Structures are given as structure tokens and as C-alpha cells.
Amino acid sequence: MGLAKRIIPCLDVKDGETVKGTNFVNLRSAGDPVALGKAYSEQGADELCFLDITASFEGRKTFTEMVTKVAQTLNIPFTVGGGINELADVERLLYAGADKVSVNSAAIRRPELIDEIATRFGSQVCVVAIDARLDEPTRNLWHCYLKGGRERTERGLFEWAHEAQERGAGEILFTSMNHDGTKNGYANEALRELADTLSIPIIASGGAGKREHFRDVFLEGHADAALAASVFHFGEIPVPELKRYLKDEGINVRI
């Protein structure tokens, strides 16, 4: 059956509280990150992701104290991202309790950062997050965006993902900006292309709205892990119920 597929709740944190939006805008509060993190750990989530979503845009460091508070409640792997620009930031977050770091804007601006993290801490620590939008559907052209989706680059999703792997990324976390918060399902075609052409795990993000979307992202999108936020935060799909459903659908998950 291969490796178990992972379910990863994501805490998008702004000003110390968990928020959730649609297509990267219209944010609303979703609760206390420490309480949510503890609950997901207890419910059987496989990992937890914590993203300080305005750190890069506002040019500040991820809120280290909050990371420590969340980490203390967890017994599952913990990935932290937002405002990571140099090795000192990675070191600080690992010391605060993160198991992995997620780099996005800084890695596109200076790709050598991926090599540096992988060399210093190991590839397993380095998750390269890619926020991309399908700007030209007829050409299947996905552009990568910086600063929480505010700034378009000329980097294409697929070529950048391949370069990230070559430089030592341990995983790719791909968020489809077209699908984010819409609850209409994941970007399965793009995910499948990534999964089938790369050798490192692909984490799918953006679009989860019902249990079937998780099934489809594994069976059709060939993703290794599925990340979601609002469906978990607002109690629409409890993690234990989702895992039982996936197991019944023949998908290898840890119960």
C-alpha cells in the first residue's frame, strides 16, 4: 500500500490568532492557535502546519513565542513558516520547537537558501511552499506568487518545484491560489503532474470542502499529504471521521 497518506491541519496565524480567508483575502478569525494545535494533536492529525501569513509581507520574523506555546502541546511533527530568510531564522524556530520549516518568498528570491538549509539541517527539515495561480489555463501556465499571494513572479510552478527538489527540498507544499478557500476540491491535475515528475513528497493545499475532496486528492492528485484549514477549524470535517472515511475508501491512513 506504500506510505500512509497524511492529514495536516494548517494554522494560518495573523496577530496571534488563527485566521482563514478565500483566495488569500477576506480573513476571518478561526480561534486560538495553541488550543487548536492541541486539539488536532489529540484527534489524530498526522502533522501540524503553522504559517505566520503576514510575516513576509510585513517584513518581520515569525512569532517565536507562539511557536513554542503550540509546540509544547503537540506530539506530532510540526512545520513552521513565515518570514524565514536566513539560517538563523531556521535555527531559532527549530530551537522553539518546530520539526520542519516552510520557506516560500525568500527561497524564490534567493534559491540558495534551500541548499543552505538542506546542508546544515538536512533535507527533511526543508519544506518549500509554493503559492501558485493558474493565470493562463489554455497553456497550463501557473505563476508563483510571493508575499502571501500579493506579488506575481515569472517563475513557473513546475520548473520551480523541480529546482527546489534539486537544491535539496525534502517536500513541496503546493497551494493553488485558484482553489484556496473555495471548498470546491484540490488542483488535482497540477498536483498529479508534480507528484508524477518529482521524487519528493507533495503536500496538497487549497480547496478542501468535503471528505470526497481528500479521497480525490490522493487517488487522482497522487498527493502524499493533504493540508486543510477551515473545514477542520470550524468543525465541518472532524479529523477522526475523515480518516475512517478514507480508510473505508481503501486509502492507507494512520488511525
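Here, the structure is the one placed above.
Parameters at a glance
- Residues numbered from 1 in each chain as written.
- Predicted model: local features only at pLDDT ≥ 70, side-chain atom pairs only at ≥ 80, totals over all residues.
- Heavy atoms only, no water.
- Helix = DSSP H or I, 4+ residues; strand = E, 2+ residues; numbered from the N terminus.
- Rg over C-alpha atoms; globule rule 2.2 N^0.38 Å.
- Buried < 20%, exposed > 50% of the residue type's maximum accessible area, 1.4 Å probe, protein only.
- Contact = heavy atoms within 4.5 Å.
- Areas by Shrake-Rupley, 256 points an atom, 1.4 Å probe, with all protein chains shown as cover.
- Lys, Arg positive; Asp, Glu negative; His and termini not counted.
- Charge placed at Lys NZ, Arg CZ, Asp CG, Glu CD.
- Phe/Tyr/Trp six-rings, centres within 6.5 Å; stacked < 30°, edge-to-face > 60°.
- Lys NZ or Arg CZ within 6 Å of the ring centre and 35° of its normal.
- Pairing = 2+ DSSP bridges.

## Concerning the overall build of the chain
Thinking step 1. Within the chain, the regular secondary structure consists of 11 helices and 12 strands.
Thinking step 2. Radius of gyration (C-alpha) of the chain: 16 Å, near the 18 Å computed for a compact globule of 255 residues.
Thinking step 3. Dimensions of the chain along its principal axes, counting C-alpha atoms only, are 45 × 45 × 35 Å.
Thinking step 4. Split into buried and exposed, the 255 residues of the chain put 56% on the buried side.
Thinking step 5. The contacts in the chain between residues at least 6 apart in sequence include a share of 65% that link residues at least 24 apart.
Thinking step 6. Of the accessible surface of the chain, which amounts to about 10,700 Å², a share of 48% is contributed by carbon and sulfur atoms.
Thinking step 7. Taken together, the 30 basic and 38 acidic charged side chains of the chain have centroids lying 2 Å from each other.

## So, the packing of aromatic side chains
Thinking step 1. Summed over the entire model, instances satisfying the criterion amount to 5 aromatic pairs.
Thinking step 2. Centroid distance Y186 to F214: 6.0 Å. Interplanar angle 75°. Geometry classified as edge-to-face. With Y186 in the loop between β10 (171-176) and α8 (188-197) and F214 in helix α9 (residues 211-219), the pair connects residues that are 28 residues apart, well separated along the chain. No difference in accessibility class separates Y186 from F214, as the two residues are buried.
Thinking step 3. Above the plane of the ring of Y145 lies R133, whose end atom (NZ or CZ) is 5.1 Å from the centre.

## A few points about the pairing of β10
Thinking step 1. Counting buried positions along β10 yields 6 of 6 residues, so the element is predominantly enclosed.
Thinking step 2. Residues E171, L173 and T175 of β10 are buried on one face, and the alternating residues I172, F174 and S176, pointing to the opposite face, are buried as well.
Thinking step 3. Judged from the 6 bridges that link them, strand β7 (residues 126-136) and β10 form a sheet pairing that is parallel. Note on β10: the bridge partner recorded for V128 is I172.
Thinking step 4. Here 4 bridges tie β10 to strand β11 (residues 202-205), and the two strands are oriented parallel to one another. Bridging from a neighbouring strand, L173 pairs with I203 of β11.

## Quick word on α9
Thinking step 1. Along α9, the residues that are buried comprise H213, F214, D216, V217 and F218.
Thinking step 2. Lining the buried residues of α9 we find β1 (6-14), α8, β11, β12 (225-228), α10 (230-233) and α11 (239-248).

Limitation: the analysis is restricted to geometry and does not speak to function.
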